[in-house]
Amino acid sequence: MDAEFYSRVAERFGGYFSDARSTDVFADGRPDDVFDELAIALGAPHARLLDVGCADGRSLLRISRPYGAVTGMDLSPSMLECAAGYRAEAGLSHVTFELRDAARTGLPDGWADVVTSRRGPLIAREFERVLRPGGVVMYMGIGEQDARELKETFGRGQDFESWNGRPLSEEISQELSGAGFVVTNSQEFRFEEFYHSAGDLDTFLHQVPIVDNYDSAADKEAFDRYAAAVTVDQGVRLSRHWFIVQAQKPAAVEPSHS
């Protein structure tokens with residue numbers, strides 16, 4: 001999804017997160033919490049963290065304290081404006097937010113110790129270039145089964161019909177391996193979101209690119225059909241599927257003096 005979409009989200013909701021109310025049930029653990037723990041464990045006073053597709057910066061700010069320098073980058077100026085506001089509230093002067101393209105960051109070779117991308121772009125070759133030898137990339141992605149029933153009802157959506165192919169986490173792992181990384185961790189997460197009302201789900205669908213070009217009026221028939229089929233006592237159910245892949249750039253090999 002392009003920067004214009006996320007700029008509209010930022011201008012409408014004041015950031016990446018809307019006020020759509022839901023109760024979430026995490027059978028495999030909350031993926032954002034797991035991601036945070038892994039990223040924080042990699043931090044050190046001298047370490048540089050680069051976050052790609054930082055959106056409004058709130059997720060990045062949660063993991064930034066252990067690092068010496070933190071840069072969040074995004075293509076949406078509106079999201080970056082929101083991020084600067086949240087950084088000021090948090091008082092974290094070692095965090096900067098910059099307008100950059102993930103495919104051509106313009107950063108020096110070996111600049112970062114850790115690169116993170118949370119449901120954002122994965123440009124494996126550029127990440128490998130920007131990371132120092134021994135550096136780590138952490139990627140959180142949307143799995144092939146994510147919101148499948150919703151997408152089938154609408155007849156379109158993010159990675160539509162990808163559930164018929166190989167797992168997307170495997171594709172990401174292969175892409176990283178092809179760029180020279182060694183995959184060290186891969187985890188899948190299945191969970192349920194129960195929206196408190198159909199209106200809450202409608203608000204949420206305007207915030208995310210799950211259903212491309214979602215329009216409340218034009219998509220009303222499909223939306224009502226979906227809501228009627230999945231509404232239970234807890235609310236309007238949306239089944240989610242995310243994953244985390246962590247990989248390391250091999251350390252530099254010391255030259256032999258024999």
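Above this text is the structure in question.
As the structure is a prediction and not an experimental result, all values here were calculated from the model.

A. The overall build of the chain, seen in detail. When helices and strands are tallied, the chain shows nine helices and nine strands. Taking 258 residues into account, the globule formula puts the C-alpha radius of gyration at 18 Å, and the chain, at 19 Å, falls close to it. Seen through its principal axes, the chain has C-alpha atoms that stretch 70 × 40 × 30 Å. Within the chain, buried positions represent 50% of all 258 residues.

B. Molecular detail of helix 2 (residues 31–41). Among all positions in helix 2, only Pro31, Asp32, Val34, Phe35, Asp36 and Ala39 are buried. Those residues of helix 2 that are buried lie in contact with strand 1 (22–26), helix 3 (58–63), strand 5 (112–118), strand 6 (131–142), strand 7 (182–195) and strand 9 (235–248).

C. Highlighting the pattern of salt bridges. Applying the stated rule across the entire model yields 23 salt bridges. Residue arginine 58 is joined to aspartate 56 by a salt bridge in which the shortest nitrogen-to-oxygen separation is 2.9 Å. Residue classification places aspartate 56 among the buried positions, given a relative accessible area of 2%.

D. Looking closely at the nonpolar core. Among the nonpolar cores identified, the biggest contains 26 residues, and Leu49, Leu60, Tyr67, Val70, Val95, Phe97 and Ile244 are the most heavily contacted of them. For this core, the secondary-structure elements that each account for two or more residues are helix 2, helix 3, helix 4 (77–90), strand 4 (95–99), strand 6, strand 7 and strand 9. In this structure phenylalanine 97 touches Cys54, Gly57, Leu60, Leu61, Gly72, Leu80, Ala83, Ala84 and Arg87, once residues within four positions along its chain are discounted. Trp111, Ala112, Val130 and Val137 belong to the second-largest nonpolar core, a separate cluster that totals 23 residues.

E. Just the packing of aromatic side chains, in detail. Taken as a whole, this structure holds seven aromatic pairs when the rule is applied. Where phenylalanine 160 meets tryptophan 163, the ring centres are 5.4 Å apart and the plane angle is 80°; that geometry is what we call edge-to-face. We classify phenylalanine 160 as partly exposed; its relative accessible area is 32%. Of the residues examined, tryptophan 163 reaches a relative accessible area of 10% and is grouped as buried. Ring geometry for tyrosine 214 versus phenylalanine 223: centroids 6.4 Å apart, planes at 45°, classification tilted. Among the residues examined, phenylalanine 223 registers a relative accessible area of 7% and is labelled buried. The rings of Phe26, Phe191 and Trp242 are connected pair by pair, giving a single aromatic cluster.

Conventions used here
- Residues numbered from 1 in each chain as written.
- Predicted model: local features only at pLDDT ≥ 70, side-chain atom pairs only at ≥ 80, totals over all residues.
- Heavy atoms only, no water.
- Helix = DSSP H or I, 4+ residues; strand = E, 2+ residues; numbered from the N terminus.
- Rg over C-alpha atoms; globule rule 2.2 N^0.38 Å.
- Buried < 20%, exposed > 50% of the residue type's maximum accessible area, 1.4 Å probe, protein only.
- Contact = heavy atoms within 4.5 Å.
- Salt bridge = Lys/Arg side-chain N within 4 Å of Asp/Glu carboxyl O.
- Core = buried A, V, L, I, M, F, W, Y, C linked by side-chain atoms within 4.5 Å.
- Phe/Tyr/Trp six-rings, centres within 6.5 Å; stacked < 30°, edge-to-face > 60°.

In short, geometric facts, not functional conclusions.
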